[in-house]
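Letter by letter, the chains look like this.
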2 protein chains.
Amino acid sequence: MAQKPSIPKGTRDFNPVEMARRNYIFDTIRNVFYLFGFQQIETPAMENLSTLMGKYGEEGDKLLFKILNSGDFLRGVDPTLIESGDCPKIAPKLCEKGLRYDLTVPFARFVVMHRNDLSFPFKRFQIQPVWRADRPQKGRYREFYQCDADIIGSDSLLNEIDLLQLIDEVFHRLGIRITIKLNNRKILAGIAELAGEPDKITDITVAIDKIDKIGLENVKADLRERGLSESAINTIAPVITLSGTTEERLQKLSEILNGNEAGAKGLEELKEVIEGTDRLGLKANLELDVSLARGLNYYTGTIIEVKARDVEIGSITGGGRYDNLTGVFGLPGVSGVGISFGADRIYDVLNALDLYPSNIAGTAKVMFTNFGVKEAERSLEIIKKLRESGIAAEIYPDAAKIKKQMGRADALGIPFVAIVGETELQNECVTLKNMSTGEQRQLDVCGLIDALS
Amino acid sequence: MAQKPSIPKGTRDFNPVEMARRNYIFDTIRNVFYLFGFQQIETPAMENLSTLMGKYGEEGDKLLFKILNSGDFLRGVDPTLIESGDCPKIAPKLCEKGLRYDLTVPFARFVVMHRNDLSFPFKRFQIQPVWRADRPQKGRYREFYQCDADIIGSDSLLNEIDLLQLIDEVFHRLGIRITIKLNNRKILAGIAELAGEPDKITDITVAIDKIDKIGLENVKADLRERGLSESAINTIAPVITLSGTTEERLQKLSEILNGNEAGAKGLEELKEVIEGTDRLGLKANLELDVSLARGLNYYTGTIIEVKARDVEIGSITGGGRYDNLTGVFGLPGVSGVGISFGADRIYDVLNALDLYPSNIAGTAKVMFTNFGVKEAERSLEIIKKLRESGIAAEIYPDAAKIKKQMGRADALGIPFVAIVGETELQNECVTLKNMSTGEQRQLDVCGLIDALS
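Because the structure is predicted, anything quoted here is derived from the model rather than measured.

Residue and element names in this part refer to chain B. Running from amino to carboxyl end, helix α8 (residues 185-194) crosses helix α13 (residues 261-280) at an angle of 155°, the nearest separation of the two axes being 7 Å. By the angle class used here, α8 and α13 are roughly antiparallel. Crossing geometry of α8 relative to α13 is assigned as left-handed. Every residue of α13 that contacts α8 at Lys186, Ile187, Gly190 and Glu193 is listed here: Ala262, Gly263, Lys265, Gly266, Leu267, Glu269 and Leu270. Tallied by class, residues from the contact of α8 with α13 come to 4 nonpolar, 3 polar and 4 charged.

So, in structure tokens, the structure goes:
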């Protein structure tokens, strides 16, 4: 029985037009990574579950795609455990491997396994799909690409400055106007300490983040509900209402954080990154945002987030500095800083703004029609010459009706059709039709190469 | 407790040097695919198990990596089935999805799902990893890439001629000298029919294939063991000892197959492909090989196989014509012809012959040393200008000992080191060191850009 095929929910096929657009994004990012001296690695889609489990929290463990062991996968599994029906406990007994959930944990595993072959500081980039058993929804998929670049084994803030330049260059090339938001985890820690609530750093950050939407009084009420004292709230209030230019904000923060060691250090780092960036110049807007806290438990210094200025969408790139990439795999003290480009959201932004260059269609530049054996033979000879000149060319393989042949070129968006019929055979020429203007010209082979180059 | 990390057997990490080499292969193949008018698609790593099961034989079903269902995967599974311990029967109850085993079945599924959006003839290429739970051994991995190109919806032999040109171009660009072996399934069918053993086509082909290794008498003995009569063996013998030029072989085959419809048709097709190819010219050797039978049950016409001439290794590319790509998914009559490049073996051949171009290292072209704040600031300004000129450049991020900095450039194979020290700051210049010759030059920024372009 023939079955009606489908694909797993949350996954996607990419057709040629989508592929051309995605390749344009990936190629742009990859070229800038290379330009900045990053080196590519790849890791297997499957990792041992022991590498993945426990790295993304309890929720993350559930979202890992686990691969059933081959062969007699029930052998040695306690039957009473199976009878218990406790799936989260049973799964690791049936599965040794899982699909990559992000690129960071595999990178950490890579660094530990290959540390004797690596030269530090190590600047790596990685562009590969990851898989998460999340509930699929608009813009959220179970298979999607991450594009990560990290520098590890260096505490220098030059790395942050360089990554900001890199972000700037990628989005400049893509034609997307962006705002880069900047923060430092130590500033958040300092504020929480000054408020006498060092453990409530997350609550405080979440509250600060709402100021634009709900206003100061509601933020204060929110903080009260989260158990902060009035005096703590009064300490935090000036941070919440921070305004003015970056310079003014830095000045005000400096006054607020005065005397707090962590906060002052964070501020100093932030200043150094901003000054270094200003010195080199940036096409993007750079904005200090003390509410920015991405992956708070992971980052320990600089925090970076990128927003598109002309489309309403979540952050399209993010990253920051971390202290301990590989400790969980037995290699302590590997610090670094990294960024991750959100390819799927960047794709959505480019689509929304229609920013793709016109020459990325991913088709041949010219299709030759086919009027029969003699004409096809001549066409193939010419096609060979075109290809030798680097021009993507093809022939319609069957001597079908001309309407059908032209229809295919039209449907694919092939920009030119070349016709070799009886007349052209006699005159040793080719008729070239521009598919967008309809214009037709008779050319010899040299003229054809010129016209299509 | 820190764990010592590892990766699943049969999988691989790729370091920057390996990535640069692999990208060189994939980029070469992709560029030629585009040049010939093929369009790229991608399909998800995970397919529904119903799409994959039963497509690769019983053995193939076992080699599929199956993905455990999320959540309460035991719910609704008959406990007596679990108790039976019949893993091959239990697995499909626990798993709805599996990893792609090849690119052909997902392509067929893609064509059926998207047939209303496709324009035929459809020329697609696809370069993606596939996964097989095979026993890992030298040169055989559980995760490896396939690079496939197919033309579907056309019976024209021009497609075969074009694919042979494409193969020729790929290996010419890679610098690998090859022999392309050619056969036609209908010729094999014809021989089996003439021998009165149409069902023994596989036995006959396997026997013919051994002639070089074991000699005619042993092949005959082999055929006897496989149950062929003496008269059948006498009919086949001239095919086994086919020799001479391609023209002579075609002539002899024509005599042998005289009067057999399938055989004559196969021979006619083969002649047309060879003549068309000769007309256009081929850098590779083209060889008629009647023992060639790759995937016999799948191919129905032309069969293609590529061998490297200068390295002892299995076939590095193969393909052929098929009649019914999508029938199993309810869409009959989709015929086509395709080829698949074996990226891992091509990688081995290039390594064995050391055929990589020197400029594919995948590092920055120049690393700036770091002597401190002032020097680094000046270096970053220059680096920005280099990058604007398309030159991949970076700075050592810390003011570490110079030996350590130079050591990194050396280890990564970065071809040039640029030094901005006190003297260079004063003189507004840069000292550029060629890392392979040791030569040093003092240059201004324009001179530096020229030297590195």
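Here we come to the relation of the copies chain B and chain A. Once turned by 180° and shifted 0.0 Å along the axis, chain B lies on chain A with an RMSD of 0.0 Å. Both copies are brought into coincidence by an operation consistent with a two-fold rotation axis. Residue Ile67(B) of chain B places its C-alpha closer to the rotation axis than any other residue of that unit, at 2.2 Å. Same-surface contact between copies: 100% of interface residues of chain B are shared with the interface of chain A.

With an omega of -5°, the peptide bond running from Phe120(A) to Pro121(A) counts as cis. Phi angles above zero are rare outside glycine, and Glu428(A) is one such case at about 50°. With respect to the element layout, Glu428(A) can be found in the loop between α17 (422-427) and β15 (430-434). A residue is classified by how much of its surface remains accessible, and Glu428(A), at 58% relative accessible area, is exposed. Phi is positive for Asp354(B), which is not a glycine, with a value near 50°. Mapped onto the elements of the fold, Asp354(B) is located in the loop between α14 (343-353) and β12 (366-368). Of the residues examined, Asp354(B) reaches a relative accessible area of 57% and is grouped as exposed.

This part takes up the sheet that holds strand β11 (residues 336-341) of chain A. All names here are of chain A. Taken together, 8 strands build an open sheet; the order of strands is β1-β5-β6-β11-β10-β9-β7-β8 and the sheet is mixed. Sheet topology places β1 (39-40) and β8 (285-288) at the edges, where each strand pairs with a single neighbour. The pairing of strand β7 (residues 178-184) with β8 spans 4 bridges and is parallel. The partner of Lys181 across the bridge, within β8, is Glu287. Its contacts with the sheet put helix α8 (residues 185-194) on β7 and β9 (302-308), and the angle it makes with β7 is roughly 50°. The sheet contacts of helix α13 (residues 261-280) involve β7, β8 and β9, and relative to β7 the element is tilted by about 150°.

Here we take up a negative patch on the surface. Residue and element names in this part refer to chain A. Among the surface-exposed residues, Glu247, Glu248, Glu268, Glu272, Glu275 and Asp278 lie close enough to one another that they form a single negatively charged patch. Relative to the elements of secondary structure, Glu272 occurs in helix α13. Taking the relative accessible area as the measure of exposure, Glu272 reaches 44% and is therefore partly exposed.

Along the chain, Arg142(A) turns up in the loop between β5 (122-131) and β6 (143-152). Residue classification places Arg142(A) among the buried residues on the basis of a relative accessible area of 9%. Distance from Arg142(A) to Ile313(A), taken between C-alpha atoms, is 19 Å for residues 171 residues apart in sequence. Beyond its immediate stretch of four places on either side in the chain, Arg142(A) contacts Lys9(A), Gly10(A), Phe65(A), Val130(A), Trp131(A), Arg132(A), Ala133(A), Asp134(A), Pro136(A) and Lys97(B). Separated by 2.8 Å, the side chain of Arg142(A) and the backbone oxygen of Asp134(A) make a polar contact.

This prediction gives chain A a mean pLDDT of 93; 99% of its residues lie at or above 70. Here the prediction assigns the complex a pTM of 0.94, and the interface score ipTM is 0.94.

Moving on, we get to the pairing of strand β5 (residues 122-131) of chain B. All names here are of chain B. Burial within β5 is extensive, with 10 of its 10 residues counted as buried. Residues Phe122, Arg124, Gln126, Gln128 and Val130 point to one face of β5 and Lys123, Phe125, Ile127, Pro129 and Trp131 to the other, with burial holding for every one of them. As paired strands, β5 and strand β6 (residues 143-152) are joined by 10 bridges and run antiparallel to one another. In the sheet register, Arg124 faces β6, and the bridge partner there is Asp150.

We now examine the interface of chain B and chain A. On the side of chain A, 103 residues touch chain B, which itself brings 103 residues to the contact. For the chain B and chain A pair, buried surface summed over both sides reaches about 8600 Å², with 60% attributable to carbon and sulfur atoms. For the interface between chain B and chain A, the tally reads 8 salt bridges. The partner of Glu394(B) in a salt bridge is Lys123(A), with the nearest N and O atoms 2.6 Å apart. Remark: the boundary between chain B and chain A carries 40 residue pairs in polar contact (both at pLDDT 80 or more). Looking at the side of chain B that touches chain A element by element, the count peaks at 6 residues for helix α15 (residues 373-388) of chain B. Here the residues of the side of chain B that touches chain A sort into 52 nonpolar, 29 polar and 22 charged.

Residues and elements named next belong to chain B. Mapped onto the elements of the fold, Arg309 is located in the loop between β9 (302-308) and β10 (317-322). For Arg309, a relative accessible area of 35% translates into the label partly exposed. In sequence terms Arg309 and Ala284 are 25 residues apart; their C-alpha atoms lie 9.7 Å from each other. Among residues more than four places away in sequence, those in contact with Arg309 are Arg177, Ile178, Thr179 and Asn285. Among the polar contacts made by the side chain of Arg309, one reaches the side chain of Asn285 at a distance of 3.5 Å.

Right, let's get into the environment of Ala364(A). Structurally, Ala364(A) can be placed in the loop between α14 (343-353) and β12 (366-368). Note: C-alpha distance between Ala364(A) and Glu42(A) (322 residues apart in sequence) is 30 Å. Those residues in contact with Ala364(A), other than ones at most four positions away along the chain, are Ala392(A), Ala393(A), Glu394(A), Ile414(A), Pro415(A) and Gly37(B).

As for its position among the elements, Thr11(B) is in the segment before α1 (16-35). For Thr11(B), the residues in contact, after removing those within four places along its chain, are Pro44(A) and Met46(A).

Our next topic: the pattern of salt bridges. Evaluation of the coordinates by the stated rule reveals 50 salt bridges over all chains. Lys374(B) serves as the salt-bridge partner of Glu377(B), at 3.9 Å between the closest nitrogen and oxygen. Residue Glu377(B) and its partner Lys374(B) are located together in helix α15, separated by 3 residues, close to a single helical turn. Among the residues examined, Lys374(B) registers a relative accessible area of 55% and is labelled exposed. Salt bridges linked by common partners bring Asp203(A), Lys210(A), Asp222(A) and Arg226(A) together as one network.

Reading guide: rules and limits
Residues numbered from 1 in each chain as written. Chains lettered and ligands numbered in written order. Predicted model: local features only at pLDDT ≥ 70, side-chain atom pairs only at ≥ 80, totals over all residues. Heavy atoms only, no water. Axes fitted to C-alpha atoms, helices over the stretch in contact; angles between N-to-C directions. Helix = DSSP H or I, 4+ residues; strand = E, 2+ residues; numbered from the N terminus. Parallel < 35°, antiparallel > 145°, perpendicular 65-115°, else oblique. Left-handed = near helix turned anticlockwise from the far one by under 90°. Contact = heavy atoms within 4.5 Å. Nonpolar A, V, L, I, M, F, W, Y, C, P; charged D, E, K, R; others polar. Least-squares fit on C-alpha atoms with pLDDT ≥ 70 in both. Buried < 20%, exposed > 50% of the residue type's maximum accessible area, 1.4 Å probe, protein only. Pairing = 2+ DSSP bridges. Patch = residues over 30% accessible without salt bridge, like charges linked within 9 Å, V, L, I, M, F, W, Y side chains within 5 Å. Areas by Shrake-Rupley, 256 points an atom, 1.4 Å probe, with all protein chains shown as cover. Salt bridge = Lys/Arg side-chain N within 4 Å of Asp/Glu carboxyl O. Lys, Arg positive; Asp, Glu negative; His and termini not counted. Charge placed at Lys NZ, Arg CZ, Asp CG, Glu CD. Polar contact = N/O pair within 3.5 Å; in protein donor to acceptor, adjacent residues only side chain to side chain. pLDDT = per-residue confidence, 0-100. Buried area = accessible area lost by both parts, 1.4 Å probe.

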